[in-house]
Structure formats: C-alpha cells, structure tokens
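Per-entry structural report
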Amino acid sequence: LIDKFNTMLDKIEHAFKLQKLFVSGASHELRNPLTAITSQLQVVLLNDRTGDEYKQIIQSILEDIKVLNRTTFDLIEFARLNYENKIQLNE
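First things first, this report covers the structure right here in the doc. (Residues numbered from 1 in each chain as written. Predicted model: local features only at pLDDT ≥ 70, side-chain atom pairs only at ≥ 80, totals over all residues. Heavy atoms only, no water.)

**Points about the overall build of the chain**
For the record, the criterion: Secondary structure follows DSSP: runs of H or I at least 4 residues long count as helices, runs of E at least 2 residues long count as strands, and numbering of each begins at the N terminus. We compute the radius of gyration over the C-alpha atoms and compare it with the globule rule, which gives 2.2 Å times the number of residues raised to the power 0.38. Throughout, the Shrake-Rupley method with a 1.4 Å probe supplies accessible areas, and for residues the shown protein chains are the sole cover considered. Asp and Glu are treated as the negative residues and Lys and Arg as the positive ones, with His and the ends of the chain left uncounted. Where a charge lies is defined by one atom per residue type: Lys uses NZ, Arg uses CZ, Asp uses CG and Glu uses CD.
Summing up its helical and strand segments, the chain has 2 helices and 0 strands in all. For the chain, whose C-alpha radius of gyration is 21 Å, the value lies well above the compact-globule estimate of 12 Å for 91 residues. If one aligns the C-alpha atoms of the chain with their principal axes, the spans along those axes are about 75 × 25 × 10 Å. Carbon and sulfur atoms provide 62% of the accessible area of the chain, an area that totals close to 7,900 Å². Where the 11 positive side-chain charges of the chain centre and where its 13 negative ones centre are 4 Å apart.

Here it is in structure tokens:
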C-alpha cells in the first residue's frame, strides 16, 4: 500500500512539473507578440505619421496578431490532445 501511495505521489509530482513547464512555455510564447504589439503602438503614438506609415505599422501589428492567434490555437490544441490522451490512458 505504501509503494502504491508513493507511486501515486510521484505521478502527481510529475504532473505538476509538466504543468508548470507548460504554463511557463505558454506564457513566454504569448508574451513575445504582445510585447511587440505594445511597443509598436507606443512608438506610433510618439509622432504623427503619413497614411502609408500608418498602413505599414498596422500591417506589422496584424502579423504579430496572427502569430499570437496561431500560438493560442496551438496551445489550446496541445492542451486538448494532452487531456484526451490522459482520458484514454485512464480507460
């Protein structure tokens, strides 16, 4: 009984470590495009710009948003697949 309990605790500890690693990686992946978007918006507000300059900046921000959307989708998909695999293993 003690061995089974220790094994269960080891699995729980491993799961918490994996979750912490996932959250850390996800935070990093989400922070990069958000920082880029924030920086671009702060810089564009410093001076008046031409219409073409605004269009270029908006296009750059849209590209960062696409990266952010893709990363978010990938993270959600990864979490879903991981959850489904856990369910299958427990069946």
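**A short note on the side chain of Q40**
Stated precisely, the cut-off is as follows: Nitrogen and oxygen atoms within 3.5 Å of one another constitute a polar contact, given that in protein one can donate a hydrogen and the other can accept it, and given that sequence-neighbouring residues count only through two side-chain atoms.
Mapped onto the elements of the fold, Q40 is located in helix α1 (residues 2-44). Polar contacts involving the side chain of Q40 include one to the side chain of D64, which spans 2.4 Å.

**Considering the side chain of T71**
Rule in force here: Note on contacts: a residue pair qualifies if any of its non-hydrogen atoms lie within 4.5 Å across the two residues.
Relative to the helices and strands, T71 is located in helix α2 (residues 51-90). Excluding its chain neighbours within four sequence positions, the residues that come into contact with T71 are E29 and L30.

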